[in-house]
Protein chains: 8
Amino acid sequence: MKDILEAYKNGDMELEQVIDHLKDLPYEDLGYARVDHHRKLRSGFAEVIFAQGKTPIQVAEIAKRLYERENSFLATRADQAQYNEVKKIFPQAKFEERSGVIFVKDEKLVPRGKIAVCTGGTSDIPVAEEAAITAEMFGADVVRIYDVGVAGLHRLLKVLPELRDMNAIIAVAGMEGALPGVLAGLVDKPVIAVPTSIGYGANFGGLSALLTMLNSCAEGIGVVNIDNGFGAGYLAAQINRLVVNAIEKK
Amino acid sequence: MKDILEAYKNGDMELEQVIDHLKDLPYEDLGYARVDHHRKLRSGFAEVIFAQGKTPIQVAEIAKRLYERENSFLATRADQAQYNEVKKIFPQAKFEERSGVIFVKDEKLVPRGKIAVCTGGTSDIPVAEEAAITAEMFGADVVRIYDVGVAGLHRLLKVLPELRDMNAIIAVAGMEGALPGVLAGLVDKPVIAVPTSIGYGANFGGLSALLTMLNSCAEGIGVVNIDNGFGAGYLAAQINRLVVNAIEKK
Amino acid sequence: MKDILEAYKNGDMELEQVIDHLKDLPYEDLGYARVDHHRKLRSGFAEVIFAQGKTPIQVAEIAKRLYERENSFLATRADQAQYNEVKKIFPQAKFEERSGVIFVKDEKLVPRGKIAVCTGGTSDIPVAEEAAITAEMFGADVVRIYDVGVAGLHRLLKVLPELRDMNAIIAVAGMEGALPGVLAGLVDKPVIAVPTSIGYGANFGGLSALLTMLNSCAEGIGVVNIDNGFGAGYLAAQINRLVVNAIEKK
Amino acid sequence: MKDILEAYKNGDMELEQVIDHLKDLPYEDLGYARVDHHRKLRSGFAEVIFAQGKTPIQVAEIAKRLYERENSFLATRADQAQYNEVKKIFPQAKFEERSGVIFVKDEKLVPRGKIAVCTGGTSDIPVAEEAAITAEMFGADVVRIYDVGVAGLHRLLKVLPELRDMNAIIAVAGMEGALPGVLAGLVDKPVIAVPTSIGYGANFGGLSALLTMLNSCAEGIGVVNIDNGFGAGYLAAQINRLVVNAIEKK
Amino acid sequence: MKDILEAYKNGDMELEQVIDHLKDLPYEDLGYARVDHHRKLRSGFAEVIFAQGKTPIQVAEIAKRLYERENSFLATRADQAQYNEVKKIFPQAKFEERSGVIFVKDEKLVPRGKIAVCTGGTSDIPVAEEAAITAEMFGADVVRIYDVGVAGLHRLLKVLPELRDMNAIIAVAGMEGALPGVLAGLVDKPVIAVPTSIGYGANFGGLSALLTMLNSCAEGIGVVNIDNGFGAGYLAAQINRLVVNAIEKK
Amino acid sequence: MKDILEAYKNGDMELEQVIDHLKDLPYEDLGYARVDHHRKLRSGFAEVIFAQGKTPIQVAEIAKRLYERENSFLATRADQAQYNEVKKIFPQAKFEERSGVIFVKDEKLVPRGKIAVCTGGTSDIPVAEEAAITAEMFGADVVRIYDVGVAGLHRLLKVLPELRDMNAIIAVAGMEGALPGVLAGLVDKPVIAVPTSIGYGANFGGLSALLTMLNSCAEGIGVVNIDNGFGAGYLAAQINRLVVNAIEKK
Amino acid sequence: MKDILEAYKNGDMELEQVIDHLKDLPYEDLGYARVDHHRKLRSGFAEVIFAQGKTPIQVAEIAKRLYERENSFLATRADQAQYNEVKKIFPQAKFEERSGVIFVKDEKLVPRGKIAVCTGGTSDIPVAEEAAITAEMFGADVVRIYDVGVAGLHRLLKVLPELRDMNAIIAVAGMEGALPGVLAGLVDKPVIAVPTSIGYGANFGGLSALLTMLNSCAEGIGVVNIDNGFGAGYLAAQINRLVVNAIEKK
Amino acid sequence: MKDILEAYKNGDMELEQVIDHLKDLPYEDLGYARVDHHRKLRSGFAEVIFAQGKTPIQVAEIAKRLYERENSFLATRADQAQYNEVKKIFPQAKFEERSGVIFVKDEKLVPRGKIAVCTGGTSDIPVAEEAAITAEMFGADVVRIYDVGVAGLHRLLKVLPELRDMNAIIAVAGMEGALPGVLAGLVDKPVIAVPTSIGYGANFGGLSALLTMLNSCAEGIGVVNIDNGFGAGYLAAQINRLVVNAIEKK
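Quick caveat, the model's predicted, so the values are computed rather than measured.

**Looking at the overall build of chain A**
- Along its length, chain A carries 11 helices and 11 strands.
- Looking at chain A residue by residue over its 250 residues, the buried ones come to 67%.
- Across chain A, every contact between residues at least 6 apart in sequence was considered, and the portion connecting residues at least 24 apart equals 65%.
- Total accessible area computed for chain A in this model is approximately 8900 Å², and 49% of it derives from carbon and sulfur atoms.

This is how it looks when you write it as structure tokens:
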């Protein structure tokens, strides 16, 4: 803003130009959606496509715009039809079908800083993969530790030393959702809890796991929405980047 | 019934007498309540007074009728005023104020068979005491193991050998309510889960703990109502009696 | 553990070996799942496959591993595709389609101790069968008593003598879910209540029956999750085994 | 309306008078409330005072207006202060404190037609009394049958013959709320179900009993709001009046 | 029972026969279901088939048994496949597809006593038809008054005189569910309220209409479960029969 | 009414005619539905067809009746089959498939007064279109401003000047539903908030957005049902008409 | 903003001053609260004090700051202690105790444009008064029409002509909450619906009335939060001002 | 563990000693509670006293044990009586009454790394203080920014530069709970969202704010339980420590 005002004072810009410029925020208007290129400056990570409810053409178009600036893109809650359309433009795009994630990674990106993604059971893996891929897209080095639920505590204890080495731990669990609480009682790193809708009966679409995680007696847990692997991966990547930047700044 | 029909055939009873007899079930009608002396025959344990909503005089009166047959009585959800009234008749009556339990034990009762009552935290103790006293009234030998919640798993592991020796384990926990699931994953005995209303925010009066317990991935758990220590103590005593009787029958 | 420490002291094991051994818990890591062979020692029953969310190949593979040790296996929440895959390896495997249960029984297993599985209506039978088969897999002799709901109490009274002879009674009911409460008022054995999602309107996927069972005025009831026939069968088998073992120990 | 239009045609009324008359509905405007004297013509029963949220003076004033026309009045959800004010005008007024009911009966009213009011437990009696007094105010002959809950079915069976003789049965129950369903399975008369907020834990202020009653497998049940004894008494009196009128019309 | 006991005294029956007889309640055991022929004596109406969750063969078989005794039958929550099977035995059977009702009426049944079935909108008609057919099966003369919802009160006022002539009024409404309250404020007959699941958004599958009906300020309303046309028709028929019988008894 | 009464006094109408006339409200009875032509007089806007649950023929028939009087019609919650039927009569009818809206506009209608329809995201557009078309049908000039959600506040700030020029603003948002609160804090015009069911997990079908909107700290917000674009468009058109009429009256 | 930039260009302001100025928003920071004097420019109405959770001193202090600029102030959710403190500074301040509203009106304010505030019952009056006083503070001429609930529709019909003359109608109702829907079906003006928490049982603190209002079949209704009289008064005043301004602009 | 095993091999320890040692975990058993001194090693922060449900003596006793090791302690959910007892031992203890926090800080602790605690309104301050004090106890340098809610976005924008400098931001908000989402859209640091129970009506004790936060469209948000200032402070301190340690490690 200082630059603009200076230019204006120096006569390099007219008053109307200044006002226009301030209004002219750096997003592209595609009619049905506004692609936000400014975002990376503001929040540190590029925009991600929430594909649910968009047409295949729309998803492909936004992907193209993002790729032009970032050499990568990520779409969540996507389906096969959207992937087919995206693939026409990006043959290298990958699709994790059960997770609903389409992505092209920036090949030059070198992962720095470790985070872990753990699941209580096998059925929680699709949500965990959404988290893991998101965190990888945003620069983290991700360790996957699946099916270590609390019904068999001994399974968990074996991987403890590895977990204590992470910058953040994502704990994905359905049914009773006790995994994050157990993890937070055992390690001294932030635990990001992801309830999943896995289960039946009185789990009410993941509500049971969500409430368990919010009411956990163990401290150091931040909870995200049910099945929101993306949100967890994003938050973990953000914490990880803070630590990595702190190390490198020195 | 056979006896009545025989007596009738032999002319020892009139037809009207037979029909009256069949109707005349063994309870005393106090006007405001019907004391069910038949119950012990039917369900194996004497009736218990649900004191909430009854006047002190009513509680004392029913206690008197029960004591005349059982040499003991138990009242749950009771308050100080009810206790004061009961004490006029039974100076030996005890009152666990935080648990709301008034009782006189049958001194000749010898406890047989062990059950454990565990709590996640200190705040769950009143509900646990309701469970423990109930089980003791119905003949069990109760071991109390309090404040062994899952936030510190190591606390729990120390008492494991003792727990493996029980006929049933009552697990009382509020907040996230993970204790029963952890216990059931570690022992091979029936776990009776009691959610408590301890906590705040999104625990919704114990709903969080209740859902956790119902959705537990560990097997061998039966859940009772929120704060229902009495129900848990009763069920544990019933399982315990089954085992004790099986041993003694031989 | 004593054995390992002795071996170590005697020089039969190196320090590293001891530590490795302690870590090396007896489960097999299949990548997507960890099969827990230790479980039988710990909880008395072998692991059961929760098939929902697993691929047919995964279910078949885990079944194979379990069968190698147990001569039997049980998979719940399974579908036809999973059964087809399992059948390639185990032509003798049975599939209860409406209950979603695949199993191979150990032919040498002799059932001991009786439990009953009751339903309120015809529509509750699939959940009841899941309970019955589970209890049979774990050694119980199961009596099925179906369609004895409380709308016609007289139906229930006829089977009462039989019920009084059981080690545990599983009561499966949807809609209003009153069956367990009525049963518990009539017998002196533990009642395991299974709410089902059968019904419509304000039953809210089984919530109505669940709340009824938790709030029952009758004592001696432990509740499991909605439609959780497996959990009920497991708990009943556990209580039954306690009694059977008590008799045989003598 | 015919009369008014005739009077108008005959010139006995002016056009403005007719329109005024049609607008001038027979209620008195007290400023804070409109007393509806027309109601008896329309719905067959006089208006009842919903006292909650009204000042003592307001309750007394409305009572006075109603008494002037009906020789009786009934106020529900009333408290001691309101009663004190009412008593200044009507020394003969009665107050059922636990039910919150103030009333003066029309001494010339002869009860006709029988209805029954049953409760599951002692604690449900206040709600039952609200129902019973309401039905009596509206002309029914009320039989009170209290503490016949389903935990002890035998208690209920004894009073069955009496119940089969009623025009309607009000069944008041808290906790699990199974009483109406059991009654409706045994008699062929309309059952009006009143859930009460008695209980604790997962009864959620009467929700559990409400859902049970709505989901009952037994037919012939109409449910009213939680603790709404008045509504049940009113509906029972209405059905009773239908039958009584049918008999007398002949 | 008197007869049996007399026969026994006279030596016409052996003791064992008596006991057997008392146990041998008049239902037929089909294995998967128990057909209750005693029901008509007990509750005044024959059993009705709840078809949901039963196989086509089962529905047809039960229909056959009921028809043999009643010359009629009614199945609710039925589908096309069940109808096809029933039609093989009863070519005269009718199927109301949107209501899911299969029935054969007893041709000799003469309807007596009038009830009305009203709906708020066109979309509520299937539930209303379930109610109407049920009431007709049980002997009532049913008047259908559809699409008279409260958004246009004037529609309702036109049919008021007709409604005041009924023994009972069934009011079926979704969305806001205000119809029963409005009706009960205008007539002096019992109103049976049926919330429907018609609507979207915050109607939560009929919960909105259900709560409205339970909280209605107008008196004389009994509510049944969401979409439970059958229950409403049954209750209306029961009230109607009471009145009709009262008239005829004279 | 005055006219009728005058005619009656003058002898131009018989008494029966008068009464008939008062009853004969101006709607057409199609059997399954009553088309309300009076409505425009009463509420200012013609009736709209709620197509859900109606047959294609019924929708087309009602559309025809409405068009005869209004030269336009609008059907909401419609599907392709209903559109196909309508198109046979009105080839000019348009169908917004994702919004489920069928309509024919009155070509002579000139839009007056501006309202805005904003959405938080791309996925909220179908609900927004239902609102926009409804408002256009009822005479408003609608500005569409889509995808200006609060995650990127800067997007919103750019369109602020335009928004300040409106008579009413419709804010459509799913997920967290914060858009209406942000808008109401920035402009001084009525904001009509429409929660949508867009989202997943703990948004519970739009409940999350609904609660956010109801609890907004910003004033000047009226909320409609989840996904109820029609209701929002109607209310906005009504406010708009008030203003337009006020200007023109002068 | 233009002014500031001009001043800057002309050299009347330094660059730092411009930036400071843009940051220096017109609110006063009292430490615990920020008083927003800019608000009137932005939203057209001055800030209102939400007193709940503030100390009496804080409320009085903020009132003083607001009065200095506006010659009036309004505090909602206030209690007696807060009023006592406010009265020390403003002896003329009024306190509507049941509504929790403290206010001083600007004596020079002349009300323009009519709105109506209606209630279903006497108990809804406190919420209605909060709405009425708020609307009066913001310049509307308010007509109060209380106790016209739908249980007696005839009460409502009498005031209809008056209602048709309003710019907006606020409808306040508890229990079933049907009043707004009935009003919106009868008038062609915006209806602002306020559910109240009046009632008991299954009204769940006003949820029942809220859902009724959201699901209303009548159009032209905007709903505010339960008991939120303030929000309704604000929205009504805003619509009223739009109309008044439109008239005066001419 | 290696040390113990070495000692054992060398004969310095007996086998029983080894096993005892492994069991002898470093907590003190006070009978009613187990004080966990091991915790600091395990999770990095000392144990905190959850005072709710404990007696004043118990709180004081545990405080004493913790202080002996840590030179500080923190008790949450505490009341005046507990504070009085604690003060007898620690005259320097402070009590934040509205937050329910008792604490003694370690005077030698030097805060490192910045975090911010923001609130939407004045009423959210008690929860915010619990968060701030917790984070300070665990070593963070806390900046308090209160009353910057989204109803006035301009308030928030002024403090943005300061917020961008933090290691973590705690956002505390009741009612609609939009603050965390707005913050997360503007900064690139982890946002910890704390819903509060401030509000009324359909905020359902904080549920509204909780759902808003979970469903936020902005990324980088971890949510804790309603009113759980402690949990948020703990998690923020943990993230802060990670960053501080990363900087210092270099």
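Having seen the model, we can carry on.
**Quick notes on the domain arrangement of chain A**
All names here are of chain A.
- Here chain A is partitioned into domain 1 (2–104) and domain 2 (114–249).
- Each side of the interface is counted separately: domain 1 has 17 residues, and domain 2 has 15 residues.
- Buried area between domain 1 and domain 2, both sides added, is near 1300 Å², and the carbon and sulfur share of it is 66%.
- Taken together, the connections running from domain 1 to domain 2 amount to one salt bridge.
- Salt-bridge contacts for Glu-130 lead to Arg-77; the nearest nitrogen and oxygen are separated by 3.9 Å.
- Seen at the junction of domain 1 and domain 2, the total is two residue pairs in polar contact (both at pLDDT 80 or more).
- Of all the elements in the fold, those that place two or more residues in the side of domain 1 that touches domain 2 are α3 (39–43), β4 (73–76) and β6 (101–104).

**Regarding the interface of chain A and chain H**
- Counting residues at the interface gives 33 residues for chain A, matched by 33 residues for chain H.
- With both chains or domains summed, chain A and chain H bury close to 3000 Å², and 62% of this area falls on carbon and sulfur atoms.
- At the surface where chain A touches chain H, the tally comes to zero salt bridges.
- Counting only elements with at least two residues in the side of chain A that touches chain H, the list comes to α3, α9 (179–186), α10 (207–214), β11 (221–223) and α11 (229–249) of chain A.
- For the side of chain A that touches chain H, the element with the most residues is α11 of chain A, which contributes 10 residues.
- Of the residues that constitute the side of chain A that touches chain H, the class distribution is 16 nonpolar, nine polar and eight charged.

**Topic: the relation of the copies chain A and chain H**
- By a simple turn and slide, chain A fits onto chain H: the slide is 0.0 Å along the axis, the RMSD is 0.1 Å, and the turn is 180°. Each copy turns onto its partner about a two-fold axis.

**Structural notes on the pairing of strand β10 (residues 191–195) of chain E**
Residues and elements named next belong to chain E.
- Burial analysis of β10 places five of its five residues in the buried class, which makes it a mostly covered element.
- Sheet analysis places strand β9 (residues 168–173) next to β10, joined by five bridges and oriented parallel. Bridge assignment links Ile-170 to a residue of β10, and that residue is Ile-192.
- Handedness of the β9-helix α9 (residues 179–184)-β10 crossover: right-handed.
- Pairing of β10 with strand β11 (residues 221–223) involves three bridges; the strand directions are parallel. Bridge assignment links Ala-193 to a residue of β11, and that residue is Val-223.

**Regarding the packing of aromatic side chains**
- Under the counting rule described, the total for this entry stands at 48 aromatic pairs over all chains.
- Relative to Phe-90 of chain E, the ring of Phe-73 of chain E lies with its centre 4.9 Å away and its plane at 50°, an arrangement referred to as tilted. One end of the pair, Phe-73 of chain E, is in strand β4 (residues 73–76); the other, Phe-90 of chain E, is in the loop between α5 (80–89) and β5 (94–96), with 17 residues separating them in the sequence.
- Assessed through its relative accessible area of 6%, Phe-90 of chain E is described here as buried.
- Summarising the aromatic geometry, the rings of Phe-138 of chain H and Tyr-234 of chain H are spaced 5.4 Å apart at their centres and angled 85° between planes, so their arrangement reads as edge-to-face. In this pair, Phe-138 of chain H sits in the loop between α6 (125–137) and β8 (141–145) while Tyr-234 of chain H sits in helix α11 (residues 229–249), placing the two residues 96 residues apart along the sequence. The pair formed by Phe-138 of chain H and Tyr-234 of chain H is uniform in burial state, with each residue classed as buried.
- Chaining the aromatic ring pairs together yields one cluster made of Tyr-67, Phe-73 and Phe-90 of chain A.

**Quick look at helix α5 (residues 80–89) of chain F**
Residue and element names in this part refer to chain F.
- Turning to α5, its buried residues are Gln-82, Tyr-83, Glu-85 and Val-86. Across the axial projection of α5, the buried residues extend over an arc of 165°, all falling on one side.
- The inward-facing, buried residues of α5 contact α4 (56–70), β4 (73–76), β5 (94–96) and β6 (101–104).

**Examining the sheet that holds strand β3 (residues 49–50) of chain C**
- Strands sit in the order β3-β4-β6-β5 (chain C) across an open sheet of four strands; the sheet is mixed. Both edges of this open sheet fall to β3 and β5 (94–96) of chain C, since each of them pairs with a single strand only.

**Some words on the confidence of the model for chain A**
- Per-residue pLDDT for chain A averages 85, and the proportion of residues at 70 or more is 81%.
- In the model output, the complex is listed with pTM 0.85 alongside ipTM 0.85.

**Some details on the environment of Ala-78 of chain H**
- Structurally, Ala-78 of chain H is set in the loop between β4 (73–76) and α5 (80–89).
- Each C-alpha atom, one on Ala-78 of chain H and one on Gly-220 of chain H, is 32 Å from the other, the two residues being 142 residues apart in sequence.

**Considerations on the environment of Gln-52 of chain A**
- Inspection of the secondary structure puts Gln-52 of chain A in the loop between β3 (49–50) and α4 (56–70).
- Residues Gln-52 of chain A and Gln-238 of chain A lie 186 residues apart in sequence; the distance between their C-alpha atoms is 24 Å.

**What to know about the packing of helix α4 (residues 56–70) of chain E against α5 of chain E**
All names here are of chain E.
- One can describe the packing of α4 onto α5 by two numbers: an axis separation of 8 Å at closest approach and a directional angle of 40°. Our classification of the angle between α4 and α5 gives oblique. The way α4 lies across α5 gives a crossing that is right-handed. Contacts between α4 and α5 involve Pro-56, Ile-57, Val-59, Ala-60 and Lys-64 on the former and, on the latter, Ala-81, Gln-82, Glu-85, Val-86 and Ile-89.

**A closer look at the sheet that holds strand β4 (residues 73–76) of chain B**
Residue and element names in this part refer to chain B.
- As summarised here, the arrangement of the four strands in space is β3-β4-β6-β5, forming an open sheet in which the pairing is mixed. For this open sheet the edge positions go to β3 (49–50) and β5 (94–96), each flanked by a neighbour on one side alone.
- Across two bridges, the pairing between β3 and β4 is parallel. When the sheet's bridge partners are listed, Ile-49 is paired in β4 with Ala-75.

**What about the side chain of Gln-82 of chain C?**
- Locating Gln-82 of chain C in the fold gives a position in helix α5 (residues 80–89).
- Those residues within four positions of Gln-82 of chain C in sequence are excluded, and the remaining contacts are Ala-51, Lys-54, Pro-56, Val-59, Arg-77 and Ile-102 of chain C.

**Examining the packing of helix α6 (residues 125–137) of chain D against helix α11 (residues 229–249) of chain D**
All names here are of chain D.
- At a minimum axis separation of 7 Å, α6 and α11 run at an interaxial angle of 35°. Considering the relative orientation of α6 and α11, their crossing is right-handed. Residues Val-127, Glu-130, Ala-131, Thr-134 and Ala-135 of α6 pack against Gly-229, Phe-230, Gly-233, Tyr-234 and Ala-237 of α11.

**Some details on the environment of Gly-139 of chain H**
All names here are of chain H.
- With respect to the helices and strands, the residue Gly-139 is situated in the loop between α6 and β8.
- You can call Gly-139 buried: its relative accessible area is 13%.
- Not counting residues up to four positions away in its chain, the partners in contact with Gly-139 are Leu-109, Val-110, Pro-111, Arg-112 and Asn-240.

**Here's the deal with the pairing of strand β10 (residues 191–195) of chain C**
- The two faces of β10 of chain C match: Val-191, Ala-193 and Pro-195 of chain C on one face and Ile-192 and Val-194 of chain C on the other face are all buried.
- In this fold, the crossover linking β10 of chain C to strand β11 (residues 221–223) of chain C by way of helix α10 (residues 207–214) of chain C has right-handed handedness.

**With respect to the pattern of salt bridges**
- Applying the stated criterion across every chain yields a total of 64 salt bridges over all chains.
- Note that Arg-112 of chain H and Glu-248 of chain H form a salt bridge whose closest N and O atoms lie 2.3 Å from each other. Of this pair, Arg-112 of chain H sits in the loop between β6 (101–104) and β7 (114–119) while Glu-248 of chain H sits in helix α11, placing them 136 residues apart in sequence.
- Taking the relative accessible area as the measure of exposure, Glu-248 of chain H reaches 44% and is therefore partly exposed.
- Via salt bridges that share partners, Lys-105, Glu-129, Glu-136 and Arg-144 of chain A belong to a single interconnected network.

**A look at unusual backbone geometry**
Residue and element names in this part refer to chain B.
- We note that Arg-77 has phi near 50°; this positive angle belongs to a residue other than glycine.
- With respect to the helices, strands and loops of the structure, Arg-77 is situated in the loop between β4 and α5 (80–89).
- In the Ramachandran plot, Asp-147 falls in the positive-phi region, its phi being about 65° despite a non-glycine side chain.
- Relative to the assigned elements, Asp-147 resides in the loop between β8 (141–145) and α7 (153–158).
- According to the relative accessible area criterion, Asp-147 is buried, its value standing at 7%.

**Considering the side chain of Ser-208 of chain A**
- Within the secondary structure, Ser-208 of chain A sits in helix α10.
- Residue Ser-208 of chain A is classed as buried on the basis of its relative accessible area, which comes to 0%.
- At 3.4 Å, the side chain of Ser-208 of chain A forms a polar contact with the backbone oxygen of Met-175 of chain A.
- In this structure the side chain of Ser-208 of chain A is engaged in a polar contact, spanning 3.3 Å, whose partner is the backbone oxygen of Leu-211 of chain B.
- Filtering out sequence-adjacent residues up to four positions away, Ser-208 of chain A remains in contact with Met-175, Glu-176, Ala-202 and Asn-203 of chain A together with Leu-211, Thr-212 and Asn-215 of chain B.

Calculation notes
- Residues numbered from 1 in each chain as written.
- Chains lettered and ligands numbered in written order.
- Predicted model: local features only at pLDDT ≥ 70, side-chain atom pairs only at ≥ 80, totals over all residues.
- Heavy atoms only, no water.
- Helix = DSSP H or I, 4+ residues; strand = E, 2+ residues; numbered from the N terminus.
- Buried < 20%, exposed > 50% of the residue type's maximum accessible area, 1.4 Å probe, protein only.
- Contact = heavy atoms within 4.5 Å.
- Areas by Shrake-Rupley, 256 points an atom, 1.4 Å probe, with all protein chains shown as cover.
- Domains from an automatic or database assignment.
- Buried area = accessible area lost by both parts, 1.4 Å probe.
- Salt bridge = Lys/Arg side-chain N within 4 Å of Asp/Glu carboxyl O.
- Polar contact = N/O pair within 3.5 Å; in protein donor to acceptor, adjacent residues only side chain to side chain.
- Nonpolar A, V, L, I, M, F, W, Y, C, P; charged D, E, K, R; others polar.
- Least-squares fit on C-alpha atoms with pLDDT ≥ 70 in both.
- Pairing = 2+ DSSP bridges.
- Right-handed = clockwise from strand over helix to strand, strands pointing away.
- Phe/Tyr/Trp six-rings, centres within 6.5 Å; stacked < 30°, edge-to-face > 60°.
- Arc of directions from axis to C-beta.
- pLDDT = per-residue confidence, 0-100.
- Axes fitted to C-alpha atoms, helices over the stretch in contact; angles between N-to-C directions.
- Parallel < 35°, antiparallel > 145°, perpendicular 65-115°, else oblique.
- Left-handed = near helix turned anticlockwise from the far one by under 90°.

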